[in-house]
Amino acid sequence: MIVAGLSAESSDNFHTSQSGYLLQSQPALPRIAMNNHPKTAFVTGASSGFGRAIAQRLLNEGWRLIISARRRERLEALAAAFPERCHVACFDIRDSAAIDSALAELPENFANIDLLVNNAGLALGTATAPQADLVQWRQMIDTNITGLITLTHALLPRLVTSRGLIINISSTAARYPYPGGNVYGGSKAFVSQFSLGLRSDLHGTGVRVTSIEPGMAETEFTLVRTGGNQAASDALYAGVTPIRAEDIAEQVAWIANLPAHLNINRIETMPVNQSLAGFQVHRE
Ligand code: NDP
Ligand code: 8X3
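Residues numbered from 1 in each chain as written. Chains lettered and ligands numbered in written order. Predicted model: local features only at pLDDT ≥ 70, side-chain atom pairs only at ≥ 80, totals over all residues.

Here's the deal with the overall build of the chain
And step 1. Tallying secondary structure elements over the chain gives 9 helices and 9 strands in all.
And step 2. Within the chain, counting contacts between residues at least 6 apart in sequence, those at least 24 apart form 65% of the total. (Helix = DSSP H or I, 4+ residues; strand = E, 2+ residues; numbered from the N terminus. Contact = placed C-beta atoms within 7 Å.)

Below you can see the structure in the form of structure tokens.
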């Protein structure tokens, strides 16, 4: 490809400065780490749904993985096929001391983190605010917000060193409210806005940040939200063809394999069978 008189090879080495000058730059970083080892990803919520599919996808692509969640046996089952490249870090993301211990115990060859996928999260309940359970509200905030920022804060120095990538799993609920979405939607709005804030703060470090915002996806999400009501979960997804966990893994893999000079700020995805239905109006 020829661009403005430059060959493809030479045009790759130039960029335009903020003041509009054409400058020669370093070539994009290779997709393997500088030490020629596989890159390392830390995926939270890897025992189920999106997180498990993302971890499986990255393992299949040759990444080194740290996988975390509370259900150890599920993590170990995933790691079993990749004993050299997958480290299980079992902790409750609401427990900051457990996060610290897990990070302190990382084997040396898993210590450099290139990609953090903040996926662990949950919705609890569908009651509207007056009927909602405050304990559930607090658990969503502790998991989706406090847990996410605690792990991110702990890993930021390593991500800056590696000029890495942070992918935060937010939701369409961040932007589009619905009855009963209250604190869950609020927690995801935080995740989306925090992602933009991180981008600003990490300006000049080479660290990239993306917010992935899916709509209806069939995982264990609704089972968890309804306290284990499989019939309610089946009814929600009946006849829909929702997003699959592998669809989100595909997005993560695409973002993770982009050249180092590109930042995807956010991706919003819905199943074709889901759309927006406007405002509700109450009449006396
Ligand atoms: P799942 O319930 O299938 O997976 C949730 C994951 O989060 C599990 O691995 C779970 O592991 C982990 N997790 C929950 N609480 C904690 C905790 N306290 N400490 C550590 N890990 C925890 O749901 P999804 O895969 O659908 O959810 C993944 C993310 O995607 C969530 O952030 C969710 O909000 C978001 N999302 C989901 C959508 C959907 O429709 N499914 C749409 C948009 C966003 P364990 O229980 O073993 O600890
Ligand atoms: C999950 C999507 O619409 O159930 O984040 O809130 S929704």
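Once you've had a look at it, read on.
Details of the site of ligand 2
And step 1. Around ligand 2, the structure places S171, T172, A173, G181, G215 and M216.
And step 2. Looking at the shell around ligand 2 residue by residue, the class counts come to 2 nonpolar, 4 polar and no charged. (Near = placed C-beta within 6 Å. Nonpolar A, V, L, I, M, F, W, Y, C, P; charged D, E, K, R; others polar.)

Here we look at the site of ligand 1
And step 1. Not every one of the 27 residues close to ligand 1 is listed here, only the nearest: G45, G49, R70, G121 and F221.
And step 2. By residue class, the composition of the shell around ligand 1 is 12 nonpolar, 10 polar and 5 charged.

Observations regarding the packing of helix α5 (residues 134-162) against helix α6 (residues 182-201)
And step 1. One can describe the packing of α5 onto α6 by two numbers: an axis separation of 9 Å at closest approach and a directional angle of 10°. As summarised for this structure, α5 and α6 are arranged roughly parallel, according to the angle between their axes. Contact residues: α5 offers W137, M140, I141, N144, I145, L148 and I149, while α6 offers V183, Y184, S187, K188, F190, V191 and F194. (Axes fitted to C-alpha atoms, helices over the stretch in contact; angles between N-to-C directions. Parallel < 35°, antiparallel > 145°, perpendicular 65-115°, else oblique.)

Quick notes on α6
Spacing of three or four residues puts side chains on the same side of an α-helix, whose turn is 3.6 residues.
And step 1. End to end, α6 covers 28 Å across 20 residues, agreeing with the expected 28 Å (1.5 Å per residue, within 8%).
And step 2. When we look at burial in α6, the residues that qualify are N182, V183, Y184, G185, S187, K188, V191, S192, F194, S195 and L198. (Expected span 1.5 Å × (residues − 1). Buried ≥ 20, exposed ≤ 12 C-beta atoms within 10 Å, placed from the backbone.)

Observations concerning the nonpolar core
And step 1. The biggest cluster of nonpolar side chains holds 58 residues, and the ones touching the most others in it are V43, I54, A55, L65, I67, V117 and I248.
And step 2. Once you skip the residues sitting within four places of it in the chain, L65 turns out to touch A41, V43, A55, L58, L59, R85 and C86. (Core = buried A, V, L, I, M, F, W, Y, C linked by C-beta atoms within 7 Å.)

Examining α5
And step 1. Over its 29 residues, α5 extends 40 Å from the first C-alpha to the last, a length consistent with the 42 Å expected when each residue adds 1.5 Å.
And step 2. Residue L155 marks the point of greatest curvature in α5, where the axis turns by about 45°; the proline P157 follows within four residues.
And step 3. Within α5, burial applies to M140, T143, N144, G147, L148, L151, L155, L159 and S162.
And step 4. Looking at the buried residues of α5, the elements they touch are β3 (40-44), α4 (96-104), β6 (115-118), β7 (165-169) and α6.
And step 5. Phi for R163, located one or two positions after α5, is positive at around 50°. (Bend = angle between axes of the 7 residues up to and from the residue.)

As for the confidence of the model for the chain
And step 1. On average, residues of the chain score 91 in pLDDT, and 87% of them are at 70 or above.
And step 2. Within the model, pLDDT remains below 50 along residues 1-31, and this stretch shows 24 contacts once partners closer than five positions in the same chain are excluded. (pLDDT = per-residue confidence, 0-100.)

What about unusual backbone geometry?
And step 1. Positive phi, close to 50°, is recorded for R163, a residue that is not glycine.
And step 2. The exposure class assigned to R163 is partly exposed, which follows from the 15 C-beta atoms found within 10 Å.
And step 3. Located in the positive-phi region is T241, a residue other than glycine, with phi close to 55°.
And step 4. Examined against the element boundaries, T241 turns out to sit in the loop between α8 (230-237) and α9 (245-256).
And step 5. The exposure class assigned to T241 is exposed, which follows from the 12 C-beta atoms found within 10 Å.

Some thoughts on the pairing of strand β5 (residues 86-90)
And step 1. Within β5, 4 of the 5 residues are buried, which leaves the element mostly enclosed by the surrounding structure.
And step 2. Where strand β4 (residues 64-69) meets β5, 5 bridges bridge the pair, whose relative direction is parallel. Each bridged residue has a counterpart across the sheet, and for I67 the counterpart in β5 is V88.
And step 3. For the handedness criterion, the β-α-β arrangement of β4, helix α3 (residues 72-79) and β5 is classed as right-handed. (Pairing = 2+ DSSP bridges. Right-handed = clockwise from strand over helix to strand, strands pointing away.)

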